[in-house]
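Examining the three-dimensional arrangement
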Amino acid sequence: MYSFRSHRRTALDLDARPVAIHGPNGAGKTNLIEAVSMLSPGRGLRRAAADELMRRPDPIGWRVAAEVAGHEIGLRAEPGQSRAVRIDGKAAPQAALGTIVPMLWLVPSMDRLWIEGAEGRRRFLDRMTLSFVPDHGEAVLTYEKAMRERNRLLRDQVRDPTWYGALERQMAEAGVRIIANRYQALNAVSRAQAQGATAFPVSDLDITEPEEVFFGTDALADSRRRDLMAGRTLVGPHRADLAAIYRAKGVPAAQCSTGEQKALLISLILANARAVRDATGRVPVLLLDEVAAHLDAARRAALYDEICALGAQAWMTGTSADLFAGLEDRAQAIEIQEVDGVSEVAR
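In this text, all values refer to a predicted model and were calculated from it rather than measured experimentally.

Turning our eyes to something else, we now look at helix α1 (residues 29-37). Burial runs high along α1: 9 of the 9 residues are buried. Taken residue by residue, α1 has Lys29, Thr30, Asn31, Leu32, Ile33, Glu34, Ala35, Val36 and Ser37 as its buried positions.

Below, the structure is given as structure tokens:
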């Protein structure tokens, strides 16, 4: 990793065991796992643009390279340019990263997932889906691009149907794929929750309306008059929401305590990882930022046991090495320090 956020140059030689990263706040722990997240399709765990990842005050571009699952992956971004991907020395699309190693993450900003807007839950659902269907992101991008063009026509009050036809066909084709992919992932994770043993609470999942009323091109054409009044598209998978019910209590996740909501998220990430392993034979890389900070000792121990039983390389961050007590030689310990404004691995 070169010139990425607070890291000037960081190189790690790791095996497949979990990685326990500790150090003070601001030392660069999250920046390290964010670099790992760039080995997955999309904009990484903080959804940052390529220019935002460059070291300051001299943004000269950044590099991330890794040997993963027998492949050499190289990522780079120059100032003002998007991320470029090379796999085994050849240029490749971002979607190809998802075929090499699936990746899931849980970061503190997701702790409010169940009580904030539906957009965050759709992103969570689509990240879950991407772990099963590597080209799901392409369908989402195609749909969103066509929808932006359609929304521009709606805002301009364009009423000629010929302007809408091609865009609505693109949205319909991509939308059907998105819906099918999401349900495939949701069903797989639900089965993994039903069949797996876990110390964390289990949730019953559903994708709520209005996604269920989307039937492709006809639905978009039928909704056009209403959409013209609103100035935006009112039907389609971009309106979907992910619902979760705490099974043991029969309570929506949004009404659970903060601790219960966190535990439900951890449970979903673990179930997602088990489902991907069962479906593909590959165990996802897990990025768990500050995951142990708000868990009691018993829950931390249960989390570490489940990660190790799964065989996942989980990158976990915390401010103290004590948070990872119980892992010992089951994990690799890394200490990150800040020296003169630069993140360094303590030797």
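Let us look at the sheet that holds strand β8 (residues 103-106). Within the open sheet, the 6 strands sit side by side as β8-β12-β13-β3-β14-β15. Their pairing is mixed. With one partner strand each, in any of the chains shown, β8 and β15 (342-345) form the two edges of the open sheet. Strand-to-strand, the axes of this sheet are offset by a mean angle of 20 degrees, without reference to chain direction. Running over the sheet, α1 touches β3 (19-22), β8, β12 (285-288), β13 (314-318) and β14 (332-339) and is turned about 160 degrees from β13. Sheet contacts for helix α8 (residues 258-280): β8 and β12; angle to β8, the most-contacted strand, approximately 175 degrees.

Before going further, it helps to examine the sheet that holds strand β10 (residues 241-246). Taken in spatial order, the 3 strands make up an open sheet running β9-β10-β11, and their pairing is antiparallel. The open sheet has two edge strands, β9 (203-208) and β11 (251-252), and neither has a second partner. With 6 bridges connecting them, β9 and β10 associate as antiparallel partners. By the bridge assignment, aspartate 206 is partnered in β10 with alanine 243.

Attention shifts here to the packing of helix α4 (residues 136-155) against helix α5 (residues 165-195). Two elements in contact, α4 and α5, have axes whose closest approach is 8 Å; the angle formed by their N-to-C orientations is 145 degrees. The way α4 lies across α5 gives a crossing that is left-handed. Contact residues: α4 offers His136, Ala139, Val140, Thr142, Tyr143, Ala146, Met147, Glu149, Arg150 and Leu153, while α5 offers Leu167, Glu168, Gln170, Met171, Ala174, Gly175, Arg177, Ile178, Asn181 and Arg182. Taken together, the residues of the contact of α4 with α5 break down into 10 nonpolar, 5 polar and 5 charged.

This paragraph deals with the UniProt feature "binding site: ATP" (unreviewed entry) in the protein. Annotation from UniProt places "binding site: ATP" (unreviewed entry) at Gly23, Pro24, Asn25, Gly26, Ala27, Gly28, Lys29 and Thr30. Looking at the element boundaries, glycine 28 is found in the loop between β3 and α1. By relative accessible area, glycine 28 is classed as buried at 7%. Those residues in contact with glycine 28 that sit more than four places away from it in its chain are Ser6, His7, Ile336 and Ser343. Sequence-distant contacts of threonine 30, defined by excluding residues within four places in its chain, comprise Leu45, Arg46 and Asp289.

So, on to the packing of aromatic side chains. Under the definition given, this model contains 2 aromatic pairs. Between phenylalanine 4 and tryptophan 62 the ring centres are 5.4 Å apart and the planes differ by 85 degrees, which places this aromatic pair in the edge-to-face class. Of this pair, phenylalanine 4 sits in strand β1 (residues 2-4) while tryptophan 62 sits in strand β4 (residues 62-68), and the two are 58 residues apart along the sequence. According to the relative accessible area criterion, phenylalanine 4 is buried, its value standing at 0%. A relative accessible area of 0% places tryptophan 62 in the buried class. Note on tyrosine 304 and phenylalanine 324: the rings are 6.2 Å apart at their centroids and 35 degrees apart in plane angle, and the pair reads as tilted.

Criteria and cut-off values
Residues numbered from 1 in each chain as written. Predicted model: local features only at pLDDT ≥ 70, side-chain atom pairs only at ≥ 80, totals over all residues. Heavy atoms only, no water. Buried < 20%, exposed > 50% of the residue type's maximum accessible area, 1.4 Å probe, protein only. Helix = DSSP H or I, 4+ residues; strand = E, 2+ residues; numbered from the N terminus. Pairing = 2+ DSSP bridges. Axes fitted to C-alpha atoms, helices over the stretch in contact; angles between N-to-C directions. Contact = heavy atoms within 4.5 Å. Left-handed = near helix turned anticlockwise from the far one by under 90°. Nonpolar A, V, L, I, M, F, W, Y, C, P; charged D, E, K, R; others polar. UniProt positions renumbered as here; feature names shortened; annotations may be inferred. Phe/Tyr/Trp six-rings, centres within 6.5 Å; stacked < 30°, edge-to-face > 60°.

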